Amino acid sequence: MSPTHKTVLITGCSTGIGASLVRTFASHINPKTTVYATARNLSSLKQFADLPNVHCFALDVTSTVSVQACVEAVEKHILSTSKEHGNENGSGGLDYVINNAGMGYDMPVLDIDIEEAKKVYETNVWGVLRVVQGVSGMLVKAHGTVVVVGTAFAWMSWPFKAVYSTSKASTTLLAETLRLELAPLGVNVLTIATTGIASNFLGKLADSKLPPTSLYREIETQFRSSAVMSGTELMATDKYTAQVVEDVLGGKKGIVWRGASAFAARLAVAGWLPQWVVVSTPFFFICFLFLGYGTFGGLLLGKG
Ligand SMILES: NC(=O)c1ccc[n+]([C@@H]2O[C@H](COP(=O)([O-])OP(=O)(O)OC[C@H]3O[C@@H](n4cnc5c(N)ncnc54)[C@H](OP(=O)(O)O)[C@@H]3O)[C@@H](O)[C@H]2O)c1
């Protein structure tokens, strides 16, 4: 593709960060971008009907068949439009793939339903790998960039978020390894370590239910409110995606921190904050949930 025109494929564009990334990339003038917006449910992409440079395709990142069909359709479109975008050779390259699709799951470790946890890994880990493998040929042709929407939780042990954190930590290491392996092929890899964003991601976790046998039943209400991280500072989705698009188009590589209080989170994981501050934050958080709940608070404080 010519330097003034780029192509970008984004996963999970029905809502939140993905939908905002579509609009932000689509409105970029220099370089102009053709956006391939994808989602499990094609009808959720009707919201982009007013944007002529956005083309919509069905894509479920947990299905190899779906990924293959989407990749074929996108490649065909890139090839058929490459001349009008100034590429006489019609290379069929893809400049950026943004792995945004993801899901959460909140549960105390003792209560994790392994089948549910597998669904999270299927989306957050293998979904990213499946998509990257699918578009790798197109990325190499364009000397493109793999982008992974990661999370600060990949570096934190936070009560009830073990499945989400470990899945995203795996994806971050996968991406960082891929960065080394793809560098000789001229492909860049960027992970966005994301802190709180005002999408509905956390809201979807509000329905998390503890199993009847859970040792945490007495604090179920607090468990639910902790799932949605109520009281946490959040950044507006559009503000976040404007920064991410600048990072991507600016050629950033490695790990970049973005979102509310991203700088503080970066300091914490870099070991620049005293360890007691880093460790005591989630510790006090869970103590706070338990305090006032006689038996459990007492047990936790050694009074049982
Ligand atoms: N919001 C935050 O504070 C925050 C912080 C750190 C990282 N992140 C990450 O940001 C990304 C986007 O989240 P968001 O905040 O925008 O939440 P969101 O609104 O819930 O978006 C999640 C998106 O992923 C899609 N998705 C889920 N499973 C999929 C699958 N199998 N195939 C294709 N798409 C699938 C969803 O599509 P459906 O509509 O079909 O379900 C939805 O479009 C996630 O990877 C999340 O981990 C978010």
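Calculation rules
- Residues numbered from 1 in each chain as written.
- Predicted model: local features only at pLDDT ≥ 70, side-chain atom pairs only at ≥ 80, totals over all residues.
- Helix = DSSP H or I, 4+ residues; strand = E, 2+ residues; numbered from the N terminus.
- Rg over C-alpha atoms; globule rule 2.2 N^0.38 Å.
- Buried ≥ 20, exposed ≤ 12 C-beta atoms within 10 Å, placed from the backbone.
- Contact = placed C-beta atoms within 7 Å.
- Core = buried A, V, L, I, M, F, W, Y, C linked by C-beta atoms within 7 Å.
- Near = placed C-beta within 6 Å.
- Nonpolar A, V, L, I, M, F, W, Y, C, P; charged D, E, K, R; others polar.
- Arc of directions from axis to C-beta.
- Pairing = 2+ DSSP bridges.
- Axes fitted to C-alpha atoms, helices over the stretch in contact; angles between N-to-C directions.
- Parallel < 35°, antiparallel > 145°, perpendicular 65-115°, else oblique.
- Left-handed = near helix turned anticlockwise from the far one by under 90°.
- Domains from an automatic or database assignment.
- Right-handed = clockwise from strand over helix to strand, strands pointing away.

*Asks:* Please set out the overall build of the protein residue by residue, giving values where relevant.
*Replies:* Secondary structure summary: the protein contains nine helices and seven strands in total. The C-alpha radius of gyration of the protein comes to 21 Å, within 12% of the 19 Å expected for a compact globule of 304 residues. Each of the three principal axes of the protein carries a C-alpha extent, and together these read 75 × 40 × 35 Å. For the protein, buried positions account for 39% of its 304 residues. Across the protein, every contact between residues at least 6 apart in sequence was considered, and the portion connecting residues at least 24 apart equals 71%.

*Asks:* Break down the nonpolar core for me, with residues and values.
*Replies:* Among the nonpolar cores identified, the biggest contains 72 residues, and Ile10, Val22, Ala37, Val97, Val135, Val146 and Val147 are the most heavily contacted of them. Here this core takes eight residues from helix α3 (residues 114-142), the largest share from any one element. When near neighbours in sequence (up to four residues on either side) are disregarded, valine 147 contacts Tyr96, Val97, Ile98, Asn99, Leu190, Ile192 and Val248.

*Asks:* So what about the site of the ligand? Which residues, and what values?
*Replies:* Looking at the ligand, there are 30 residues lining it, with Gly12, Gly16, Gly102, Ser199 and Phe201 nearest. Contributions of two or more residues to the shell around the ligand are made by α1 (16-26), α3 and β5 (145-151). In terms of residue class, the shell around the ligand is made up of nine nonpolar, 18 polar and three charged.

*Asks:* Just give me the short version of helix α5 (residues 220-227), but keep the residues and values in it.
*Replies:* Those residues of α5 that sit buried are Phe223, Ser226 and Ala227. All buried residues of α5 fall inside an arc of 105 degrees around its axis, so they share one side. Backbone geometry just downstream of α5 places methionine 229 in the positive-phi region, at approximately 50 degrees.

*Asks:* Lay out the sheet that holds strand β4 (residues 96-99) with the relevant residues and their values.
*Replies:* An order of β3-β2-β1-β4-β5-β6-β7 is seen for the seven strands of this open sheet, with the pairing classed as parallel. Looking at the sheet topology across the chains shown, the edges are occupied by β3 (54-58) and β7 (254-258). For this sheet, the mean angle separating the axes of adjacent strands, direction not counted, is 20 degrees. Helix-sheet contacts for α1 involve β1 (5-10), β2 (32-39), β3, β4 and β5, and the interaxial angle to β2 is about 160 degrees.

*Asks:* Describe the packing of α3 against helix α4 (residues 162-182), listing the residues and the values that go with them.
*Replies:* Their axes nearest at 9 Å, the elements α3 and α4 cross at an angle of 15 degrees. The angle between α3 and α4 falls in the class roughly parallel. The handedness of the crossing between α3 and α4 is right-handed. Two secondary-structure elements touch here, α3 through Ala117, Val120, Tyr121, Asn124, Val125, Val128, Leu129 and Val132 and α4 through Val163, Tyr164, Ser167, Lys168, Ser170, Thr171, Leu174 and Leu178. The class makeup of the residues in the contact of α3 with α4 is 11 nonpolar, four polar and one charged.

*Asks:* I'd love a proper account of the domain arrangement of the protein, names of residues and values included.
*Replies:* How big an interface is tends to be reported as the loss of accessible area on association of its parts. Here the protein is partitioned into domain 1 (5-272) and domain 2 (274-304). Distance from the C-alpha centre of domain 1 to the C-alpha centre of domain 2: 33 Å.

*Asks:* For the pairing of β5, give the residues involved together with the corresponding values.
*Replies:* Most of β5 is tucked away, with seven of its seven residues classed as buried. On β5, burial covers both faces: Thr145, Val147, Val149 and Thr151 on one face and Val146, Val148 and Gly150 on the other are all buried. Sheet topology places β4 next to β5; four bridges connect them, and they run parallel. Residue pairing across strands places isoleucine 98 opposite valine 147, the latter belonging to β5. Alignment of β5 against strand β6 (residues 188-194), held across seven bridges, turns out to be parallel. Pairing of threonine 151 across the sheet is with threonine 194, part of β6. The parallel pair β5 and β6, bridged by α4, forms a crossover whose chirality is right-handed.

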